[in-house]
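So the chains spell out like this:
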Amino acid sequence: MKRFLPLLLSLLLLAPATVLAQQTAERSAAYSVETGDRWVDVQLQDINHYAERYPDAFLDEVSRYAGVPRGYISALFTAHGWQAGDIYFACFWAKASGQTCRDSVRAFSQDPEGGWEAVVKRMPVAPDNLHVRAVRHAIVASYEHWDRPITLDATLKRQLKR
C-alpha cells in the first residue's frame, strides 16, 4: 500500500493537465469558429493554442472570470470534446448576456448550424452590441491575465485608448 500512495498522489496532481490534453495542436489547427466578429474568431482560435500549452491557466481564467465551475469546463473537454475557443465563447457570452454557460452550451449542442453567430440569435436573450463588446473586452482582459500579447482592432483601440 505504501508504494501505491505516492503513485496515486502523483496521478491526482497530474489530473488537471491531462483533463485538457485533448486540446491538441491538430484539433486547434482544424478549428474554425463563426461568431460574426472576425477579430473575436481570430482570438478564439488563438485561445485554443493557448489552452494546449497552459490548460490550467485556461481553466482558471474561465472559471474565475466567467463564473463557471472548473469541473464543468473540464467535463466539456473530456466528455463532450469541446474546443477551448468554444468553451471560452460560450461562457463569456453567457456572462455578457445574463445567462448561464450551461444555457449557451445547451443551445450550441442542440443546434450548432451556422456557428455561434446563428446560435446566439436563437437564444432567449437577443444579442446586441453591448454583449459583443463585453466578450471582446473579456478577451483583452484574459490576454492581460495571461501576460500574452494581443493586437487590438481599431474599435478596441478607441474603446480602450491604448
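These notes cover the structure that comes with them. (Residues numbered from 1 in each chain as written. Predicted model: local features only at pLDDT ≥ 70, side-chain atom pairs only at ≥ 80, totals over all residues. Heavy atoms only, no water.)

## With respect to the overall build of the chain
Of regular secondary structure, the chain possesses 10 helices and zero strands. Written out in order from the N terminus, the α and β elements of the chain read α-α-α-α-α-α-α-α-α-α. Going through the 162 residues of the chain one by one, you find that 41% of them count as buried. For the chain, restricting intrachain contacts to residue pairs at least 6 apart in sequence, the fraction spanning at least 24 positions comes to 62%. For the chain, the accessible area works out to roughly 9100 Å², and carbon and sulfur atoms hold 57% of it. (Helix = DSSP H or I, 4+ residues; strand = E, 2+ residues; numbered from the N terminus. Buried < 20%, exposed > 50% of the residue type's maximum accessible area, 1.4 Å probe, protein only. Contact = heavy atoms within 4.5 Å. Areas by Shrake-Rupley, 256 points an atom, 1.4 Å probe, with all protein chains shown as cover.)

## A short note on the pattern of salt bridges
Under the criterion given, the structure shown has eight salt bridges. The salt bridge involving Arg70 is made with Asp56; its shortest N-O contact spans 3.0 Å. Of this pair, Arg70 sits in helix 5 (residues 70-78) while Asp56 is found in helix 4 (residues 55-66), placing the two residues 14 residues apart along the sequence. Looking at Asp56, the relative accessible area reads 32%, which means it is partly exposed. Note that Arg106 is salt-bridged to Asp103, the shortest N-O span being 3.4 Å. Here Asp103 and Arg106 lie together in helix 7 (residues 101-110), a separation of three residues that amounts to about one turn. Classification of Arg106 by relative accessible area gives partly exposed; the value is 44%. Salt bridges linked by common partners bring Asp37, Arg136 and Asp153 together as one network. (Salt bridge = Lys/Arg side-chain N within 4 Å of Asp/Glu carboxyl O.)

## Here's the deal with the packing of helix 3 (residues 38-53) against helix 6 (residues 84-97)
Packing of helix 3 against helix 6 brings their axes to within 7 Å, and their N-to-C directions diverge by 120°. By the angle between their axes, helix 3 is oblique relative to helix 6. In terms of crossing hand, the pair formed by helix 3 and helix 6 is right-handed. Across the interface between the two elements, Val40, Leu44, Ile47, Asn48 and Ala51 of helix 3 pack against Ala84, Gly85, Tyr88 and Phe89 of helix 6. For the contact of helix 3 with helix 6, the per-class residue count stands at seven nonpolar, two polar and no charged. (Axes fitted to C-alpha atoms, helices over the stretch in contact; angles between N-to-C directions. Parallel < 35°, antiparallel > 145°, perpendicular 65-115°, else oblique. Left-handed = near helix turned anticlockwise from the far one by under 90°. Nonpolar A, V, L, I, M, F, W, Y, C, P; charged D, E, K, R; others polar.)

## Here's the deal with the nonpolar core
Of all hydrophobic cores here, the largest spans 41 residues; its most connected members are Phe58, Tyr88 and Trp116. Those elements giving two or more residues to this core turn out to be helix 3, helix 4, helix 5, helix 6, helix 7, helix 8 (115-122) and helix 9 (129-145). (Core = buried A, V, L, I, M, F, W, Y, C linked by side-chain atoms within 4.5 Å.)

## As for the side chain of Gln43
Along the chain, Gln43 falls in helix 3. Excluding anything up to four places from it in sequence, Gln43 contacts Ile139, Tyr143, Ile150 and Thr151.

## A few points about the environment of Arg102
Structurally, the position occupied by Arg102 is in helix 7. Measuring from C-alpha to C-alpha, the distance between Arg102 and Ile73 comes to 10.0 Å, with 29 residues separating the pair along the chain.

## Some remarks on the packing of aromatic side chains
How two aromatic rings sit relative to each other is given by the distance of their centres and the angle of their planes. Applying the stated criterion across every chain yields a total of nine aromatic pairs. On the basis of an interplanar angle of 25° and a centroid distance of 4.1 Å, the ring pair of Tyr50 and Trp146 is categorised as stacked. Here Trp146 lies in the loop between helix 9 and helix 10 (154-160) and Tyr50 lies in helix 3, a separation of 96 residues in the sequence. Each of the two residues, Tyr50 as well as Trp146, counts as buried. Linked through ring pairs, Trp82, Phe89, Trp93, Phe108 and Trp116 together constitute an aromatic cluster. (Phe/Tyr/Trp six-rings, centres within 6.5 Å; stacked < 30°, edge-to-face > 60°.)

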